[in-house]
Amino acid sequence: MTRRVVLVLLAAFLLVGTAGQAQAAGYRYWSFWDRDGGKWVYATQGPSLVRPSDGDVQGFRFAVSENSDDAAQPRGTADFASICAKTPAEDGSKRVALVLDFGTASDAPSGEAPQAPRSACARVSPDATTADALAAVAGPLRYDTNALLCAIAGYPKTGCGEQVSQKEEKQEKQGATAAPEEGKSSDDGGPSVGLVAGIAVIAALAAAGAWQAGRRRNATR
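Per-chain numbering applies: the sequence of each chain, read as written, is numbered from 1 onward. Two thresholds apply to this predicted model, a pLDDT of at least 70 for residue-level local features and 80 or more for giving and counting side-chain atom pairs, whereas whole-chain, interface and lining totals are computed over all residues. Side-chain calculation: all heavy atoms of the structure are included, whereas hydrogens and water are not.

Would you explain the side chain of D107 in this entry?
Segments assigned H or I by DSSP are reported as helices when at least four residues long, segments assigned E as strands when at least two residues long, and all are numbered from the N terminus. Relative to the helices and strands, D107 is located in the loop between β4 (94-101) and β5 (118-124). For every residue, the accessible area obtained with a 1.4 Å probe (protein chains only) is divided by the maximum for its type, and the residue is called buried under 20%, exposed over 50%, and partly exposed between those limits. We classify D107 as buried; its relative accessible area is 7%. Beyond its immediate chain neighbours, meaning those up to four positions away, D107 contacts R28, R61, F62, A63 and V64. Pairs of residues are marked as contacts when any of their non-hydrogen atoms sit within 4.5 Å.

So what exactly am I meant to see when it comes to unusual backbone geometry here?
In terms of backbone geometry, most residues other than glycine have negative phi values and most peptide bonds are trans. Note that the residue after G139, namely P140, is joined by a cis bond; omega there is -5°. Within the secondary structure layout, P140 lies in the loop between α3 (130-137) and β6 (142-143). A cis amide bond links Y155 to the next residue, P156, at an omega of -5°. Looking at where P156 falls in the secondary structure, it is placed in the loop between β7 (149-151) and β8 (163-165). We note that A147 has phi near 65°; this positive angle belongs to a residue other than glycine.

Would you explain the nonpolar core in this entry?
Soluble globular proteins tend to bury their nonpolar side chains together. Definition used in this section: a nonpolar core is a set of buried Ala, Val, Leu, Ile, Met, Phe, Trp, Tyr and Cys residues joined via side-chain atoms within 4.5 Å. Formed by 21 residues in total, the largest nonpolar core has its most connected members in W30, F60, L98, L100, L134 and I152. At the level of elements, β1 (25-36), β3 (57-65), β4, β5 and α3 are the ones that each hand at least two residues to this core. Looking at this core element by element, the count peaks at 3 residues for β4. If we ignore the near neighbours within four places in the chain, the residues touching I152 are W30, F60, L100, F102, Q115, L134, A138, P140 and L141. Judged by nonpolar contacts, the second largest core, of 12 residues, contains W33, V57, A78 and F80.

The following block contains the structure:
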């Protein structure tokens with residue numbers, strides 16, 4: 001076995017080991033949804049750009065998700081007639097039903113607790129945006145410098161679309177991270193069992209290759 005083959009095998013094992021340690025990341029943010037018939041559809045524009053019509057239902061959900069494909073949908077009643085039953089129509093205005101889902105405890109930033117999900121009927125001017133409707137019934141709102149919606153009804157108090165690794169999410173769910181026991185590996189950057197085993201195999205292969213090479217040299221003398 002040549003040195004080049006050994007190096008190739010070593011690189012392959014290292015890649016396998018480090019791939020197992022890779023941490024998928026998500027983002028903690030308020031997602032925005034449109035109600036289309038009986039289902040939620042992820043909005044393609046931000047609430048400050050959308051101008052809903054009278055009778056529309058829109059929703060917001062706070063959660064940790066990797067992208068729009070796995071984003072959690074708003075929970076609760078999403079029926080315009082039910083949400084706006086006590087808000088009669090008026091000339092010169094429109095009504096927009098809003099479903100606000102503050103997520104679960106596992107979605108919440110450290111030290112904060114989500115509010116209970118609720119719905120509200122916003123009566124706003126005919127040219128109002130969804131952001132205007134939201135401000136009318138669920139303030140205070142908070143935005144970042146890029147106009148990204150960071151907080152509804154003051155929740156969360158801090159942060160805005162921050163990246164959250166699976167490891168961080170797990171730690172927040174547990175409330176605290178226990179120190180690893182002596183003699184046991186941890187996933188805080190130390191080598192995994194698979195990686196250590198892979199290196200050991202490579203070392204054995206290299207030793208075997210050297211032994212075979214020595215035999216061939218002795219045979220030719």
